[in-house]
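# Architecture and fold: a report
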Amino acid sequence: MLCQRLLTRVLQTRAFSTAPTLSYEYIITETKGEKNNVGFIKLNRFKALNALCSPLMTEVSEALTGFETDPKIGAVVITGSDRAFAAGADIGEMQNMEFPEVYTKQFLTKWSFLKQARKPVIAAVNGFALGGGCEVAMMCDIIYAGEKAFFGQPEINLGVIPGAGGTQRLVRAIGKSKAMEMVLTGEKMSAQDAEKAGLVSKVFPVEEVVGEAIKLGERIAGMSKVAAAMAKECVNAADNLSLDEGERLEKRMFHSLFACKDQKIGMTAFLEKKQPEWTDS
Ligand code: HXC
């Protein structure tokens, strides 16, 4: 029944060439930017500080699939409220779960849809990004934060550990010592410290962070989509590959762009001092 509902929604989403106009329970979706080429997902479970219950994550997955398949969209922004990006996985939902259930049903495994997105995804974080909320932000490609944002992996306080990549991505983002301290104590990191440590790329006043993330999305959406997708794939591959392997992948991707129209368009436009008109092919 749930699968049928999901399939129907995804097919509906794909049928529209612009933003999905579906109404969701836990999120709001729109397209943003002058050219409506930035997909926008707002987590909208305000009272529970956007705790990431399974239906909410299913909705995010559906919305992202819609933006991924919409050729007009060149980047996606995910945000929450001023008080919370997301305060973690839903503790109420998890409280009485038993091992056989979480193991056999691969609880949380589906969250990896976020890291599989081809289009660049920007997290615009205000307030708390804790536990699964911090992990979702880190699965995005770029994090912009409001000056009152806090990041943390407080799972240790609940007798568990991060379960959606937090122990891995945090080390890569801020180094072992800081990551270890946060994961072992549950201590939060301010937006300012997160910027210094490299977790966040820029910090803005609370009311500006979403707008700035959309502006960034518009800039990225204005690039050749095929080049942007390859650039994203190469940067993300750096997490898993040796330098030699990563360089080889990059070189092959670079070479393959010479089989695309946009390489000729971009280089010709530069030499003719014109703006390129990308074909995304
Ligand atoms: C379910 C949550 C929640 C969560 C907050 N709420 N976080 N519900 N799951 N993760 C609910 C509260 O129960 C409360 O509901 C309402 O949101 C407001 O929260 P308060 O605690 O009253 O607000 P405040 O005093 O301002 O404290 C904010 C807070 C605190 C510091 C963020 O809520 C907090 O510590 N939350 C839990 C953070 C956490 O441990 N996250 C990790 C979860 S585990 P009512 O109904 O009382 O108003 C996790 C595992 C990840 O993420 C594994 C892989 C994904």
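Please read these numbers as outputs of a predicted model, since none were measured by experiment. (Residues numbered from 1 in each chain as written. Predicted model: local features only at pLDDT ≥ 70, side-chain atom pairs only at ≥ 80, totals over all residues. Heavy atoms only, no water.)

Every one of the 23 residues lining the ligand counts as a neighbour, but Arg-83, Ala-87, Ala-89, Ile-91 and Gly-132 are closest to it. A distance of 2.9 Å separates a nitrogen atom of the ligand from a polar atom in the backbone of Ala-87. Protein contacts shield 62% of the accessible area of the ligand, which totals 1,000 Å² for the unbound molecule. Residue assignment for the shell around the ligand shows that the elements contributing at least two residues are helix 3 (91-94), strand 6 (128-130) and helix 5 (132-139). When grouped by side-chain class, the residues that make up the shell around the ligand number 14 nonpolar, four polar and five charged. (Near = heavy atom within 4 Å. Polar contact = N/O pair within 3.5 Å; in protein donor to acceptor, adjacent residues only side chain to side chain. Areas by Shrake-Rupley, 256 points an atom, 1.4 Å probe, with all protein chains shown as cover. Helix = DSSP H or I, 4+ residues; strand = E, 2+ residues; numbered from the N terminus. Nonpolar A, V, L, I, M, F, W, Y, C, P; charged D, E, K, R; others polar.)

Grouped together as the largest cluster of nonpolar side chains are 49 residues, with contacts concentrated most on Ile-41 and Phe-151. In contact with Ile-41, other than residues within four places in its own chain, are Ile-27, Ile-28, Thr-29, Val-60, Ala-63, Leu-64, Phe-67, Val-76, Val-77, Ile-78 and Thr-79. Grouped together as the second largest cluster of nonpolar side chains are 13 residues, Ala-124, Val-209, Ala-213 and Ile-220 included. (Core = buried A, V, L, I, M, F, W, Y, C linked by side-chain atoms within 4.5 Å. Buried < 20%, exposed > 50% of the residue type's maximum accessible area, 1.4 Å probe, protein only. Contact = heavy atoms within 4.5 Å.)

Taken together, six strands build an open sheet; the order of strands is 1-2-3-5-7-10 and the sheet is mixed. Lying at the two open borders of the sheet, with one neighbouring strand each, are strand 1 (27-32) and strand 10 (202-204). For this sheet, the mean inter-axis angle between neighbouring strands, taken without regard to orientation, is 20 degrees. Where strand 1 lies against strand 2 (residues 38-43), six bridges are found, and the strand directions are antiparallel. Opposite Ile-27, over in strand 2, you have Leu-43 as the bridge partner. (Pairing = 2+ DSSP bridges. Axes fitted to C-alpha atoms, helices over the stretch in contact; angles between N-to-C directions.)

Contact pair helix 5 / helix 6 (residues 166-174): the axes reach a minimum separation of 10 Å and the direction vectors enclose 55 degrees. Considering their axes alone, helix 5 and helix 6 lie oblique with respect to each other. In this structure, helix 5 meets helix 6 at a crossing whose hand is left-handed. In contact with Glu-135, Met-138 and Met-139 of helix 5, helix 6 contributes Gly-166, Arg-169 and Leu-170. Across the contact of helix 5 with helix 6, the residue classes tally to three nonpolar, one polar and two charged. (Parallel < 35°, antiparallel > 145°, perpendicular 65-115°, else oblique. Left-handed = near helix turned anticlockwise from the far one by under 90°.)

We now examine unusual backbone geometry. The phi torsion of most residues other than glycine is negative, and most of the peptide bonds are trans. Although it is not a glycine, Gln-106 sits at a positive phi angle of roughly 50 degrees. With respect to the element layout, Gln-106 can be found in the loop between helix 4 (99-104) and strand 5 (121-125). One non-glycine residue, Lys-273, lies in positive phi territory at about 55 degrees.

This part takes up the packing of helix 6 against helix 7 (residues 176-185). One can describe the packing of helix 6 onto helix 7 by two numbers: an axis separation of 7 Å at closest approach and a directional angle of 140 degrees. Compared by their axis directions, helix 6 and helix 7 come out oblique. For the pair helix 6 and helix 7, the crossing hand works out as right-handed. From helix 6, Thr-167, Leu-170, Val-171 and Ile-174 reach across to helix 7, where they touch Lys-176, Lys-178, Ala-179, Met-182 and Val-183. Of the residues contributing to the contact of helix 6 with helix 7, the split by class is six nonpolar, one polar and two charged.

Below, the discussion takes up the layout of surface pockets. Counted as a void, the largest pocket has a volume near 960 Å³. If you trace the largest pocket, you find 29 residues lining it, with Met-138, Cys-140, Asp-141, Asn-236 and Asp-239 closest to the centre. Elements that contribute at least two residues to the lining of the largest pocket include exactly helix 5, strand 7 (142-146), helix 6 and helix 10 (225-237). When residues of the lining of the largest pocket are assigned to their parent elements, the largest contribution, six residues, is made by helix 10. Among the residues making up the lining of the largest pocket, the classes are represented as 16 nonpolar, seven polar and six charged. (1 Å grid on protein atoms, 1.4 Å probe; cavity = no way out; pocket = protein on both sides within 12 Å on 5 of 7 lines; lining within 4 Å. Points joined across faces, edges and corners; volume = space filled by probe spheres on them.)

In this section: the state of the cysteines. All chains considered together, the criterion is met by zero disulfides. Cysteine Cys-134 shares no disulfide, and the gap to the nearest cysteine sulfur, in Cys-140, comes to 11 Å. We classify Cys-134 as buried; its relative accessible area is 0%. Lacking any disulfide linkage, Cys-260 is separated from the closest cysteine sulfur, that of Cys-234, by 13 Å. Overall, Cys-260 belongs to the buried group, its relative accessible area being 15%. (Disulfide = S-S within 2.5 Å.)

Strands belonging to one sheet form pairs held by backbone hydrogen bonds; the direction of such a pair is parallel or antiparallel. If you trace the four strands from one edge of the open sheet to the other, you get 4-6-8-9, paired in mixed fashion. Across the chains shown, the open sheet's two edge strands, defined by having one partner strand only, are strand 4 (84-86) and strand 9 (189-190). Note that strand 4 and strand 6 share two bridges and pair parallel. Considered in strand 6, the bridge of Ala-84 is made with Phe-128.

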